[in-house]
Structure formats: C-alpha cells, structure tokens
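Fold and contact review
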Amino acid sequence: MFDFQDPSRVNYGTSASHATVQAELSGRTAFGDESVLMQLKIDGVDSHFVQDCAKTLEESLEEDITALMNIVKRAELKDPKDLEYEVLHDLDYPDPREVPPEDRRSSRQELMQHRLSLVLKHIQCAPEPDEAKTGDYNRCFSHQVLAPDCSTSKKDYTLGFPHFYPDFTLIDVGRVEGSHKDVVVDGWHDRDGFVVIRPSSLQHPYPASEGGLARPILTHAANFARLHLSARPFLLFSVCLLVFGGDFCVCIFDRAGARVSPKFNMWRDLDTFIRVVRSMTRHLTKIELGHDPSVSLAPSTLQSSSLNYPAWIIDPIGSDLRRWCTVGAPVWSSLSLFGRGTFVWYVRELSAAGELVGPVMILKSAWRSSQRDPESSIYQSVRGSHPGLAKCIAGADVVPFLGSLEKVTTHFLRDRPLKPDDKTKILHRIVIGTTGRPIWMYETEEQLLDGLISALEAHKFLWDQKILHRDISAGNILLSDHPKEVGAAGFITDLDIARMEPDAELKSTETVYATPEYGRYPQRLQGPMTRTRIRFGTQRGDVITGTLQFMSRRLLEAAHYQEITASTAADDVESFFWVLVYAVFRKLLAATTTDVEEKQVLTHFRNTFGRTSVLEIFTARGGAFHDGIYKQATYCEMVSYPLRELLLEYCIILSGFVPTIPLSRHAGGTGSYGGSASTGGRIIDEALVAGSARYNRFFSHEGMIELLKETRLRLQMHPEGGEGGVQA
C-alpha cells in the first residue's frame, strides 16, 4: 500500500519502460476516434471567435507560420527514423542512438517549438467578440521545464520520478509569472494536459498496419500520460495534443487504453486547431479535463501550509455516509498506465460541521476489472480476524456524484453504454482502519523483523482459508503505528487481486459486529450487519499478477515466456524476501550522509528495484548481492552481521535453484524447478516448486518465520552487531 517508486503493479507486462509502454499500447488504442473531439466540446467555441482568430493569426504571424512550414518541409526530406535520433549536441551521449527516447530533443524540434509557441499563445490570448463567452478558465500552453532536483528528492512520494518533460504543458495562468512566459514548476502535479511535437508529418501516431507496434510519438505521449496520472492522483484521464509536422490530433489516455482522434492539418483545418486549443485553455472544466467529480478541493480552513500538499475531500463511499479529508501527500503513487493505478492517502473523517474528527485512517483508490470481485468483498469473506491483517472500515465502487446509479468506469469516462457482458475497469475505493508506516521506516532491525513475522503469519492465516494474496510488495506490508496486541508489529494490506481456492467454502451470509477499536462508526453500524459473500471461481490459468519488482523468479520466468501458471504460497513467500531486501536498502538510502555513499546505495537500489521489464528484473535478481554491494563500507556499517548473513544466504539459495532465463529453455530441454517443456508452451506444475527440501524450508511460511525469528534472536543476544560483530 506504500511506495515512493511504484514498481508498476500490474497484470503481466505493465511497466515504466518505453519499450514496454509501446507494447502495451497494442490492442489498447483506438485510432480515428471522433468521440475524442466531442469529449473536448470543441463545438462550444464561438464560431465568430474562430473566424476572427484565424484571420488575425494569419496576418500577425505570417512570418512565423512560413518559418514553421519550412521547418516541416525540410524535416520531411529525412527518414522518420533518423529524425527520432536527432538530439542536441550538449547531451552527454557519444552515440545519439543510445539516447533514451524520453531524452531526445533535436535543435530542429526546438526551432519548431519556438514558432509553435507563438501560435498557441495567439489562440489562447485572443479576445472574443462577446467577453461573456471568453470562458471561465485561464490556462496556457507553456514551454515548461521541471524545477531542479524536484524529481529526485528523498521526501518526494515518487522516488526517482523521471526527469523528462513534454514540449508544452497546459497550466493555470495564475501559476505563471508574467502571464504566458516559460515557467519552472514543482512537477507533473501542476499540469492539466500537455503537447508532444515532431517536425515531420511522417512521424504521425497511426500504425503502419492494424495491430502493429505504436509509433514513437504515441509511445512518448503515453509515457507522459503515465506520469501525469501518477502525479495527479484524482485524475481519471489525461489529455494530450500531438503535433507532427503540419498535422495534429488529440489523444486521451485512461486506464483502459488510448483514443486518438482523426488527423487534421493545422492550416487547412485551422478552425479545428483553434477550437481544440481554445477549448482546452478557456472552456473545459477541471472535471472535463479528467478530475474525479467525487473529489473536491478542501476549503482553506483545512489546508495545512506545513504539509506542502493540498487537502482533498472525498464523497461518502458506498452506503457509509461519512466524508473523508486527505492528510498530506499521497503515500503511494502508482506509476503504471494501464494497471490498477493504485493511490493511497492518509485520511480523517470530516464532520458535518466541516471539522476533522477521529483517528487517521488509510484510503485506497484503485481500478479493478469488472470480472473481479471488489476488494472490500474479499475482506468481508475472511473468517475471523488476525492482528497482522488490515481491517477494512468501508469500501465500494466509486460513483460520479451522490445518488448516482452509474459507477465510474472507463465506459463512463468515454460516454459509452455498458452492456451486461462488457468488460470494463471500475474505480474502487476503500478505507482501512489499521494504520502504519512503510516497512522501510523501521527504527531497529528487530522492529523490521517483527513486522515481517506478523505479516507472514497473517499471510498464513489467509492461506489456511485458501486465500492467496498474490501481490506481496514493499507497498503492501506496513509497520503498525500502535500495535495493541501480540502479533501486530506489522500487517499486510491490498487483497484486490487475492485468489480464493474453489474449496474455500463460506456461508452465504454471516453476521459480524463493528469494532469501535478501529474507528468511529455511525450509529447505524454499531449493531450487527449482514453481508453476502460473492462466490469466487477457481481462477486457475489467470494471467500472472503481482508487483513485478517483488515477483518470484518462477513467476518472472513464466511471464517472460508468456506461459500460463498459477501463483503459489511459495511465490508469495519469496516476495516477502524481496520486500526485506527493498526495506534494507531504502533505509540505507535515507541514512546516507555523503554524496559518495548515496551514489553507491542508490546505484544498487536502482539496479535491483529500478528495472521495469520482466527480463531486466529477472537478470538483476542474479546480481542482487553479487555486484559488490555487500563489501561496501556503507552496507557493512549500517546493516548488522546477522541480517547480512540472512540476506546473503537467501540470495545463494535463489541463485542455486533457479537458472537464468536465457539458459532455462531450449527445445526439448528442461525449465526451472525441473519438468520438461512442451511444443505448445507448457503449464508449469505448481508441485515442482517444492522439489527441494532446502528451498521448501526457505520459502514456506514456517521456514521463513523460523529463519526470521532466529535472526531476531541473534540480534537480541548481540545487539552491537550479532555473531562476528559488524564486519567491514
């Protein structure tokens, strides 16, 4: 539930990498979609204004328009692939083809950007004949750069947030000093939209063939949309203007995919271009540009200058009539585009008098598949309770406004009717009464181990009921703020992709009682309530689910080869180990005191957990403790010998029992954990995971809990470093 650098929580494949985003767009993009411009309400722009603006634009910017056309004409003499590799001379890359796609920005492109900025400025600033029709908003497309170091702060809620930025950003003019000047802002959360440009019309977003890979400009825009949605947690979709040569189109990205409007020419269809720019800058409301209608900005009395992040008010969730107010910045920000888009906040209840009351709780928003049961229903299906399992207070699918019978789905956002058999994504929101802090914010190693032991025991509690979590990550294991009972040092959250086995039989209804210990309940919830269990299918053969950076090596290998497999308890237990590694190095990163130390730890952290493709992550696992980090003074000084020994022993086990991907498959050969490959792509037998007694000990609930307790005991016996002391 917590993370600063969300490791792309996904069904198989969603990631932050340029190449993976390109692959994800395939099959998720609708081209020539006329509903895009309808959604922008361009017909609402006054026709007289459009005519006058076109006339004055051509008269006052004739020289700039001619220059713009000449830039395009020269660019179209070059191969589009060569244009993609044009870069500024001051970029520190010996070979231009080594420049990451998001960093490419040619001098030709910058010349075009300058001329285009004048055109945009003219349209957005032009007065209307009837001032009453000017519009209620005053935005501009500004050539924007990110503030120095704003993306790398350890205090930012997205550690390692990428540095790249679009050619223009749509921003409230009130934030721009001196009207429409270029501006430096804190980050993506200030953007209402953006523009991506290319100098040639041959660099358009439309694929060469149906189902082909997305072209670079669309992939580039999708990467920006991913960041936009991540930095604006209550943004439901992202709007982007693409300009390629003399042509343009509009893209809207949501959690189901991308919609691309038909292609227009800026000069032959100048009226359409003016309508698009004017609508985005002056006419569309925040909701029409993607803001969640069930969330509103809190009044100034609830804003805190010390938190440096706006407070938001969330409408009641389902039948629970309480409203909630966020406290501080989001504590989890998903970086995936087409995944669940999970966001987590601290919240407090908002009374009828507009005051914050009751304890701090956790609010989570995520997009669920209409084919899966709501997370709140899974929580309700758990028999009994466990101190290491989060307590769900309220949960329901989100509706756009109180009393609405329609849910916020991707069909709703696209204004399309939802038929009973249609697949869609639904925005789901829950409030968790158990609060904690990220697992890496432990004060002592003993506290870290206690938290993991509690979470592991809760995981076993669920598995004993045939409920498998399937998404163990550093964001889903928390250290309890105020443990009130034995076994509550830490707890697990996020059951939204949990799987229930077919023999996990529960009664169709059961009576439960509200527990005042976990929050203030309205009077109507103080008595017993009846809930109905939704039956789960076997769900075997599902696509692989989970957080890639914490996924077991077996599942990573299966994902790489796109094989059908089911997660096992051993896979989840292995994920607990990677959470431990993550926590240790996040703690190290926060504790470094010199630039040299920080660079050493950050390099290792990014090598191990900053990868974004399945193959990269799998390969990095092999070097998790074999790239020299365990010999570095920083690591040896700050991590006790017992814990270092435990981590290294686990890595040796993993290295010994799972071959690397390139060596684990060949025709007629054997794959990981034994077993033979079939010509049609085999189904990995779950029983093969338990093929070794040693592996079984390390990756079973009982085995890992025992090893963690042994390490904790050694720490208690030797608090100054354990057996052997702190070794450099």
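Since the structure is predicted, the reported quantities are computational estimates derived from the model, not experimental observations.

1. With respect to the overall build of the chain
- Scanning the chain from terminus to terminus reveals 19 helices and 26 strands.
- Buried positions account for 58% of the 728 residues belonging to the chain.
- Accessible area of the chain: about 30100 Å², with a carbon and sulfur share of 52%.

2. What about the sheet that holds strand S21 (residues 477–480)?
- Across the sheet, which stays open at both edges, the three strands sit in the order S19-S21-S22 with antiparallel pairing between neighbours. The open sheet is flanked by strand S19 (436–438) and strand S22 (490–492), the only strands paired with a single partner. This sheet shows a mean twist of 40° between the axes of neighbouring strands, independent of strand direction.
- As paired strands, S21 and S22 are joined by three bridges and run antiparallel to one another. From the neighbouring strand, Ile-477 faces S22, where its bridge partner is Ile-492.
- Here helix H11 (residues 445–463) sits on the sheet in contact with S19, S21 and S22, set at roughly 35° to S22.

3. Topic: the pairing of strand S10 (residues 257–260)
- Where strand S2 (residues 29–30) meets S10, two bridges bridge the pair, whose relative direction is parallel. Within the sheet, the bridge partner assigned to Thr-29 lies in S10 and is Ala-258.
- Pairing geometry for strand S9 (residues 247–254) and S10, over four bridges, is antiparallel. Each bridged residue has a counterpart across the sheet, and for Cys-251 the counterpart in S10 is Val-260.
- Taking the residues between adjacent antiparallel strands as the criterion, S9 and S10 are bridged by two residues.

4. Topic: helix H3 (residues 47–60)
- Here H3 is 14 residues long and its end C-alpha atoms lie 20 Å apart, about the 20 Å a rise of 1.5 Å per residue gives.
- For H3, the complete set of buried residues consists of Phe-49, Val-50, Cys-53, Ala-54 and Leu-57. Buried residues of H3 fall within an arc of 130° about the axis and therefore sit on the same side. H3 presents His-48, Gln-51, Lys-55 and Glu-59 as exposed residues on the side facing more than 90 degrees away from its buried surface.
- Two to three positions downstream of the cap, the backbone nitrogen of His-48 sits 3.0 Å from a side-chain oxygen, assigning the N-cap of H3 to Asp-46.

5. Structural notes on the side chain of Arg-232
- Among the structural elements, Arg-232 can be located in the loop between helix H7 (216–231) and strand S8 (238–244).
- Excluding anything up to four places from it in sequence, Arg-232 contacts Trp-188, His-189, Arg-191 and Asp-192.

6. Details of unusual backbone geometry
- Of note in the backbone geometry, Lys-41 takes a positive phi value of approximately 55° without being a glycine.
- With respect to the helices and strands, Lys-41 occurs in the loop between helix H2 (35–39) and H3.
- Classification of Lys-41 as partly exposed rests on a relative accessible area of 46%.
- A positive phi angle, near 70°, is found at Arg-470, a position not held by glycine.
- As for its position among the elements, Arg-470 is in the loop between strand S20 (467–468) and S21.
- Residue classification places Arg-470 among the buried residues on the basis of a relative accessible area of 5%.

7. Quick look at the pattern of salt bridges
- Throughout the structure, instances matching the rule amount to 20 salt bridges.
- The residue Asp-33 makes a salt bridge to Arg-416 at a minimum N-O spacing of 2.7 Å. Pair noted here: Asp-33 is in the loop between S2 and H2 and Arg-416 is in the loop between helix H10 (410–413) and strand S18 (425–432), with a separation of 383 residues, a long-range link.
- Here Lys-407 makes a salt bridge to Asp-397, at a shortest N to O gap of 2.9 Å. In this pair, Lys-407 is assigned in the loop between strand S17 (392–397) and H10 and Asp-397 in strand S17, connecting sequence segments 10 residues apart.
- Ionic contacts of the salt-bridge type, sharing partners, join the residues Arg-340, Lys-364, Glu-375, Asp-471, Asp-494 and Asp-496 into one network.

8. Concerning the nonpolar core
- In this structure, Ile-439, Phe-577 and Val-584 are the most contacted members of the largest nonpolar core, which totals 68 residues.
- In terms of residues, this core owes the most to one element, helix H13 (residues 569–591), which gives 13 residues.
- By size, the runner-up hydrophobic cluster in this structure holds 49 residues, among which are Phe-49, Leu-57, Phe-168 and Ile-252.

9. Points about the confidence of the model for the chain
- Scored by pLDDT, the chain has a mean of 77; 74% of the residues are at 70 or more.
- Overall, residues 87–99 carries pLDDT values under 50, and its contacts beyond four positions in sequence, including any with other chains, amount to 20 contacts.
- The low-confidence segment residues 722–728, where pLDDT is below 50, has 16 contacts with residues more than four positions distant or belonging to other chains.

10. What about the packing of H11 against H13?
- H13 packs onto H11 with a crossing angle of 160° between their chain directions and a minimal axis gap of 11 Å. Looking at the two axes, H11 sits roughly antiparallel to H13. Both H11 and H13 take part in a crossing whose hand is right-handed. Judged by residue contacts, Leu-448, Leu-452, Ala-455, Leu-456, His-459 and Trp-463 of H11 engage Ala-569, Asp-572, Val-573, Phe-576, Val-579, Leu-580, Ala-583 and Val-584 from H13.
- Of the residues that constitute the contact of H11 with H13, the class distribution is 12 nonpolar, one polar and one charged.

11. With respect to the packing of aromatic side chains
- If you walk through the whole model with that rule in mind, you get 17 aromatic pairs.
- Taking the centre distance of 5.8 Å and the plane angle of 70° together, the rings of Phe-194 and Phe-224 count as edge-to-face. Of the two residues, Phe-194 is situated in strand S7 (residues 193–198) and Phe-224 in helix H7; the sequence distance between them amounts to 30 residues.
- For Phe-194, a relative accessible area of 0% puts it in the buried group.
- On the basis of an interplanar angle of 75° and a centroid distance of 5.3 Å, the ring pair of Tyr-650 and Phe-699 is categorised as edge-to-face. Separated by 49 residues along the polypeptide, Tyr-650 in helix H17 (residues 641–657) and Phe-699 in the loop between helix H18 (693–698) and helix H19 (701–717) bring together distant segments of the chain.
- Under the relative-accessibility criterion, Phe-699 is labelled buried at 2%.
- Three or more aromatic residues joined by ring pairs form one cluster here, namely Trp-440, Phe-550, Tyr-582, Phe-605 and Phe-609.

12. Here we look at H19
- Here H19 contains 17 residues, and its C-alpha end-to-end distance of 24 Å stays within 8% of the 24 Å for a straight helix at 1.5 Å per residue.
- All of the buried residues in H19 are His-701, Gly-703, Met-704, Ile-705, Leu-707, Leu-708, Thr-711 and Leu-715.

13. Comments concerning the sheet that holds S17
- Strand order across the open sheet formed by seven strands is S12-S13-S14-S15-S16-S18-S17, with antiparallel pairing between neighbours. On the outer flanks of this sheet lie strand S12 (295–297) and S17, each paired with one strand and no other. Averaged over all pairs of adjacent strands, the angle between their axes in this sheet comes to 30°, without regard to strand direction.
- For strand S13 (residues 312–314) and strand S14 (residues 323–333), the ladder comprises two bridges, and the chain directions are antiparallel. Paired with Ile-314 across the two strands is Trp-324, which belongs to S14.

About the cut-offs
Residues numbered from 1 in each chain as written. Predicted model: local features only at pLDDT ≥ 70, side-chain atom pairs only at ≥ 80, totals over all residues. Heavy atoms only, no water. Helix = DSSP H or I, 4+ residues; strand = E, 2+ residues; numbered from the N terminus. Buried < 20%, exposed > 50% of the residue type's maximum accessible area, 1.4 Å probe, protein only. Areas by Shrake-Rupley, 256 points an atom, 1.4 Å probe, with all protein chains shown as cover. Pairing = 2+ DSSP bridges. Axes fitted to C-alpha atoms, helices over the stretch in contact; angles between N-to-C directions. Contact = heavy atoms within 4.5 Å. Expected span 1.5 Å × (residues − 1). Arc of directions from axis to C-beta. Polar contact = N/O pair within 3.5 Å; in protein donor to acceptor, adjacent residues only side chain to side chain. Salt bridge = Lys/Arg side-chain N within 4 Å of Asp/Glu carboxyl O. Core = buried A, V, L, I, M, F, W, Y, C linked by side-chain atoms within 4.5 Å. pLDDT = per-residue confidence, 0-100. Parallel < 35°, antiparallel > 145°, perpendicular 65-115°, else oblique. Left-handed = near helix turned anticlockwise from the far one by under 90°. Nonpolar A, V, L, I, M, F, W, Y, C, P; charged D, E, K, R; others polar. Phe/Tyr/Trp six-rings, centres within 6.5 Å; stacked < 30°, edge-to-face > 60°.

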